[in-house]
Amino acid sequence: MKPVPHATSLRRAPVQRRSAERLTRILDACADLLDEVGYDALSTRAVAQRAGVPIGSVYRFFGNKKQMADALAQRNLERYAERVTERLKDARPGDWRAAMDAVLDEYLAMKRTAPGFSLVDFGNQIPVGSRAEPNHRVADRLTDLLSDYLGRSPDEDLRRIFLIAVETADTLVHLAFRMAPDGDPKVIEETRELLRAYLGRVLD
């Protein structure tokens, strides 16, 4: 099982601080507008207006809204990885239960609070590539992030374990949020127990 390459949606990477700040404003505006109008009604012109930048600045980074949404998904994944890392700073190394709670809890927190996340998350809600790719990307990121913490080699077996866990959690968390705006707590708890049973069997 080969790692999924990290997708790159930017036409041009920002070099100067001013350019990086402009890109941040564009992605922030994209996220806010996704919550307000949805993906179908999203436009590069509306994003430029909301971000307070010329339309040419948007096209400097992105050829279309699909690339912009995918870049937002990539940023979400990096922020998610940072949150999980921060959460595990005080945890006991090798404690996969603490790692699993951090992975699930931080995903739920972003699902509830991050602008645009309900539509984009890590790329599997809108047409930004195949549905399978984002979960592979998340599993690869978690493998690289957690292998040292768990004292495991980031090999094919660990990637497969994380991919199964990510696919399972993704399906059940989406079910929880279809059942209740903030995620049905009973479905979330069943998801947590299911993950503990599976990971306990393969990681203990």
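Remember, it's a predicted structure, so these values are computed and weren't measured experimentally.

### A few points about the overall build of the protein
Line of reasoning, step 1. Looking only at helices and strands, the protein features nine helices and zero strands.
Line of reasoning, step 2. The linear arrangement of helices and strands in the protein, starting from the amino end, is α-α-α-α-α-α-α-α-α.
Line of reasoning, step 3. Across the 204 residues of the protein, 48% fall into the buried class.
Line of reasoning, step 4. Put simply, of all contacts in the protein between residues at least 6 apart along the chain, 68% involve residues at least 24 apart.
Line of reasoning, step 5. As presented, the protein carries roughly 10500 Å² of accessible surface, and 50% of it is formed by carbon and sulfur atoms.

### Quick look at the pattern of salt bridges
Line of reasoning, step 1. Counted by the stated rule, this structure contains 19 salt bridges.
Line of reasoning, step 2. Of the charged contacts in the structure, one is a salt bridge between Arg87 and Glu106, with a shortest N-O distance of 3.3 Å. Placement of Arg87 in helix H4 (residues 65-87) and of Glu106 in helix H5 (residues 96-113) is noted, with a sequence separation of 19 residues between them.
Line of reasoning, step 3. Since its relative accessible area comes to 36%, Arg87 is described here as partly exposed.
Line of reasoning, step 4. Of the charged contacts, one joins Asp204 and Arg97 as a salt bridge, the two residues approaching to 3.1 Å between their closest N and O atoms. With Asp204 in the segment after helix H9 (185-203) and Arg97 in helix H5, this pair connects stretches of sequence that are 107 residues apart.
Line of reasoning, step 5. The class of Asp204 is exposed, set by a relative accessible area of 62%.
Line of reasoning, step 6. Residue class for Arg97 comes out partly exposed when judged on its relative accessible area of 40%.
Line of reasoning, step 7. The network of salt bridges with common partners includes Arg83, Arg87, Asp101, Asp105, Glu106, Glu189, Arg192, Glu193 and Arg196.

### Here's the deal with helix H2 (residues 44-51)
Line of reasoning, step 1. Turning to H2, its buried residues are Thr44, Val47, Ala48 and Ala51. Along the long axis of H2, the arc covered by the buried residues comes to 100°, so they all point the same way. Of the exposed residues in H2, those oriented more than 90 degrees away from the buried face are Arg45 and Gln49.
Line of reasoning, step 2. In this structure, the buried residues of H2 make contact with helix H1 (17-37), helix H3 (55-61) and H4.
Line of reasoning, step 3. The first or second residue beyond H2 is Gly52, which carries a positive phi of 70°.

### Let's talk about the side chain of His174
Line of reasoning, step 1. Note that His174 resides in helix H8 (residues 156-179).
Line of reasoning, step 2. Classification of His174 by relative accessible area gives buried; the value is 11%.
Line of reasoning, step 3. Within the structure, His174 has its side chain in polar contact with the side chain of Lys111 (distance 3.5 Å).

### Some details on unusual backbone geometry
Line of reasoning, step 1. The backbone of Asp121 shows a phi angle near 30°, a positive value even though the residue is not glycine.
Line of reasoning, step 2. For Asp121, the location among the structural elements is in the loop between helix H6 (117-120) and helix H7 (132-150).
Line of reasoning, step 3. For Asp121, a relative accessible area of 1% gives the class buried.

Here is what the cut-offs are and how they apply
Residues numbered from 1 in each chain as written. Predicted model: local features only at pLDDT ≥ 70, side-chain atom pairs only at ≥ 80, totals over all residues. Heavy atoms only, no water. Helix = DSSP H or I, 4+ residues; strand = E, 2+ residues; numbered from the N terminus. Buried < 20%, exposed > 50% of the residue type's maximum accessible area, 1.4 Å probe, protein only. Contact = heavy atoms within 4.5 Å. Areas by Shrake-Rupley, 256 points an atom, 1.4 Å probe, with all protein chains shown as cover. Salt bridge = Lys/Arg side-chain N within 4 Å of Asp/Glu carboxyl O. Arc of directions from axis to C-beta. Polar contact = N/O pair within 3.5 Å; in protein donor to acceptor, adjacent residues only side chain to side chain.

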